[in-house]
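Close look at the chain arrangement
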Amino acid sequence: TRQCLRDCPASEGLYADSSTHMCAYTCSNGTFGSQLSQKCVITCDPDYWGNPLNTMCVTTCPSTIYSYGENGTRTCVSSCVNHSGFADNMTRICR
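Residues numbered from 1 in each chain as written. Predicted model: local features only at pLDDT ≥ 70, side-chain atom pairs only at ≥ 80, totals over all residues. Heavy atoms only, no water.

1. Brief notes about the confidence of the model for the chain
Here the chain shows a mean pLDDT of 91. Residues at 70 or above account for 98%. Considering each helix and strand of the chain separately, the mean pLDDT is smallest for strand β9 (residues 87-88), with a value of 91, and largest for strand β3 (residues 32-33), with 98. (pLDDT = per-residue confidence, 0-100. Helix = DSSP H or I, 4+ residues; strand = E, 2+ residues; numbered from the N terminus.)

Printed below as a string of structure tokens:
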């Protein structure tokens, strides 16, 4: 509606993107949409990992690619080899 808002409407699935100063459905510049704050963040909240496929913070990484949550970066990675620990196929987290 072409108006400046204090917060982006969660009911519409929009996130405050500080890079563009717009409410956006997907976040830009390597940031991820936080369901807790409705903002685009560099690092996802505890128990969430950034999914590079949809730029969202998720509680479980996708099972097809970027399958494991890496705790150091709080992002979903395709392999735990270059990250902390070992891949746990049950929880899909690097442990």
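2. A closer look at the environment of serine 34
Take serine 34: it is sitting in the loop between β3 and β4 (40-41). Of the residues examined, serine 34 reaches a relative accessible area of 0% and is grouped as buried. Each C-alpha atom, one on serine 34 and one on alanine 16, is 9.5 Å from the other, the two residues being 18 residues apart in sequence. Among the polar contacts made by the side chain of serine 34, one reaches the main-chain amide nitrogen of leucine 36 at a distance of 3.2 Å. (Buried < 20%, exposed > 50% of the residue type's maximum accessible area, 1.4 Å probe, protein only. Polar contact = N/O pair within 3.5 Å; in protein donor to acceptor, adjacent residues only side chain to side chain.)

3. Some points on the side chain of arginine 74
Following the sequence through the fold, arginine 74 ends up in the loop between β7 (68-70) and β8 (75-77). Of the side chains with opposite charge, aspartate 47 comes closest to the buried, unpaired arginine 74, at an N-O distance of 5.2 Å. Here tyrosine 48 takes part through its backbone oxygen, which lies 2.9 Å from a polar atom of the side chain of arginine 74. Beyond its immediate sequence surroundings of up to four residues, arginine 74 is in contact with Thr43, Cys44, Asp45, Pro46, Asp47, Tyr48, Trp49 and Gly50. (Lys, Arg positive; Asp, Glu negative; His and termini not counted. Salt bridge = Lys/Arg side-chain N within 4 Å of Asp/Glu carboxyl O. Contact = heavy atoms within 4.5 Å.)

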